[in-house]
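Each chain, written out:
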Amino acid sequence: MAYEKKILITGGAGFIGSHVVRLFVTKYPQYQIFNLDKLTYAGNLANLVDIENASNYQFVKGDIVDSTFINELFANHQFDAVIHLAAESHVDRSITHPMDFVFTNVVGTVNLLNAAKNLWKDDFTGHLFYHVSTDEVYGSLHDGGFFTEETSYDPQSPYSASKASSDHFVRAYHNTYKLPIVVSNCSNNYGPNHFPEKLIPLFINNIRNNKPLPVYGKGENVRDWLFVKDHARAIDAVFHKGKIGETYNIGGFNEWTNIDLIKVICKTMDKKLGRAEGESEKLITYVKDRAGHDLRYAIDANKIMKELGWEPSLQFEEGIELTIDWYINNSEWLDNVTSGEYMKYYQDQYTHR
Ligand code: NAD
Ligand code: DAU
């Protein structure tokens with residue numbers, strides 16, 4: 001079959017990437033989807049078992065830091081478009097291993113930009129390099145207000161500095177070489193297939209196993225949570241309707257202090273596991289704060305809503321219940337990803353807090 005477009009999605013075995021790959025493979029049979037992923041600890045092909053045999057889907061194992069491999073891949077497959085999600089994505093790991101973030105997030109992104117530029121040369125018609133980024137590049141809000149597309153960059157962690165750097169490179173390739181790009185910056189995602197080093201899946205897993213819930217600092221930091229499938233729908237909208245060279249902020253206007261969010265998770269878990277009310281909250285343990293912990297993120301998502309007609313499909317109460325159900329019903333998935341290396345990470349991260 002001749003496909004209308006060949007699209008390279010990077011990081012498609014990870015949390016958000018797997019939802020984006022599934023959406024594109026099932027919604028657009030006329031596109032051929034290539035999923036390039038290194039399968040780091042965060043990448044898991046079990047996230048995609050339901051679509052792994054789809055005729056318009058192909059998985060490629062590889063590292064975006066390897067420029068020779070990337071250039072060959074682009075030459076062999078002649079991709080029409082790229083949706084770039086591959087990244088080191090966990091702030092705590094960026095504090096202990098910043099260079100991993102420089103290599104994957106900065107060097108890896110520039111390798112992809114070069115490969116796209118070289119393949120598409122000066123004929124950019126019908127091509128697109130879509131870079132998926134984060135609201136953390138804007139820094140931390142202290143006095144109210146929201147991050148808009150005009151907010152100046154002010155990254156505070158090695159992770160957000162590496163993502164900010166990659167965003168700047170993407171925009172520089174548009175300005176300098178006219179590479180057709182689009183960037184989106186999203187708030188915190190939650191949902192199925194989230195690696196349990198991040199707050200929500202970590203706490204669900206710990207409650208399930210009756211382990212302490214390590215709340216950093218006083219639990220007063222604020223995050224703006226969006227259901228992962230709504231982020232995937234937003235990426236679909238930006239890919240198809242976004243204007244070249246533009247940035248779109250994505251978020252659900254759904255701010256929670258960590259401690260309030262944790263209490264919702266505890267209550268819902270008590271109900272689902274048939275425990276007495278208040279049982280899971282007893283596991284809350286205040287621990288040493290994250291170094292340089294950003295106080296508040298909050299996205300103004302008016303641009304994507306007004307210009308591209310996207311809006312979140314789920315209320316948070318519905319989304320969190322659905323998420324908790326998924327982890328309870330997929331305990332094997334949780335057990336698999338938390339065996340082996342994970343235990344060592346957990347010890348290193350939490351023993352001396
Ligand atoms: P994740 O850590 O779950 O997945 C990252 C994926 O990238 C994994 O499958 C991993 O194997 C792959 N990868 C890592 N290094 C690679 C390399 N060198 N070469 C090829 N593949 C590699 O991350 P996520 O939470 O799904 O985030 C995906 C993207 O969305 C990232 O760019 C992140 O910055 C951005 N983002 C995440 C959130 C969030 O809340 N999780 C919010 C906004 C933006
Ligand atoms: O805002 C978007 C970003 O959201 C993404 O770009 C990142 O890839 C993603 O990891 C996420 O970053 P956060 O640092 O906000 O997510 P995390 O789940 O690590 O932490 C959420 C909040 O919970 C944060 O304030 C730190 C706190 N926390 C986290 C962990 C892991 C705890 O209190 N205890 C914990 O054990």
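Since this is a predicted model, take the numbers as computed values, not measurements.

Peer 1: Would you take a moment to explain the environment of Met305 for this structure?
Peer 2: With respect to the helices and strands, Met305 occurs in helix α9 (residues 302-308). Judged by its relative accessible area of 23%, Met305 falls in the partly exposed class. It is 9.6 Å that separates the C-alpha atoms of Met305 and Tyr248, two residues lying 57 residues apart in sequence. The contacts of Met305, once residues within four sequence positions are left out, are Phe253, Trp310, Glu311 and Pro312.

Peer 1: I keep staring at the site of ligand 1 and nothing clicks. Help me out?
Peer 2: Around ligand 1 sit 29 residues, and of these Ile16, Asp37, Ser89, Tyr159 and Lys163 come closest. A distance of 2.8 Å is found between an oxygen atom of ligand 1 and a backbone nitrogen or oxygen belonging to Ile16. Alone, ligand 1 offers 840 Å² of accessible surface; in the complex the protein occludes 97% of this. Among the elements of the structure, α1 (15-27), β5 (128-134), α5 (158-177) and β7 (188-190) are those that each provide at least two residues to the shell around ligand 1. Take the shell around ligand 1: its biggest share by element is three residues, from β5. Taken together, the residues that form the shell around ligand 1 break down as twelve nonpolar, twelve polar and five charged.

Peer 1: Hey, could you run me through the site of ligand 2 in this one?
Peer 2: The environment of ligand 2 is formed by 26 residues, the closest being Thr134, Asp135, Tyr159, Arg290 and Tyr350. Interatomic distance of 3.3 Å between a side-chain N/O atom of Lys198 and an oxygen atom of ligand 2. At a separation of 2.9 Å, an oxygen atom of ligand 2 approaches a polar side-chain atom of Asn258. Protein contacts shield 95% of the accessible area of ligand 2, which totals 690 Å² for the unbound molecule.

The rules we used
- Residues numbered from 1 in each chain as written.
- Chains lettered and ligands numbered in written order.
- Predicted model: local features only at pLDDT ≥ 70, side-chain atom pairs only at ≥ 80, totals over all residues.
- Heavy atoms only, no water.
- Helix = DSSP H or I, 4+ residues; strand = E, 2+ residues; numbered from the N terminus.
- Buried < 20%, exposed > 50% of the residue type's maximum accessible area, 1.4 Å probe, protein only.
- Contact = heavy atoms within 4.5 Å.
- Near = heavy atom within 4 Å.
- Polar contact = N/O pair within 3.5 Å; in protein donor to acceptor, adjacent residues only side chain to side chain.
- Areas by Shrake-Rupley, 256 points an atom, 1.4 Å probe, with all protein chains shown as cover.
- Nonpolar A, V, L, I, M, F, W, Y, C, P; charged D, E, K, R; others polar.

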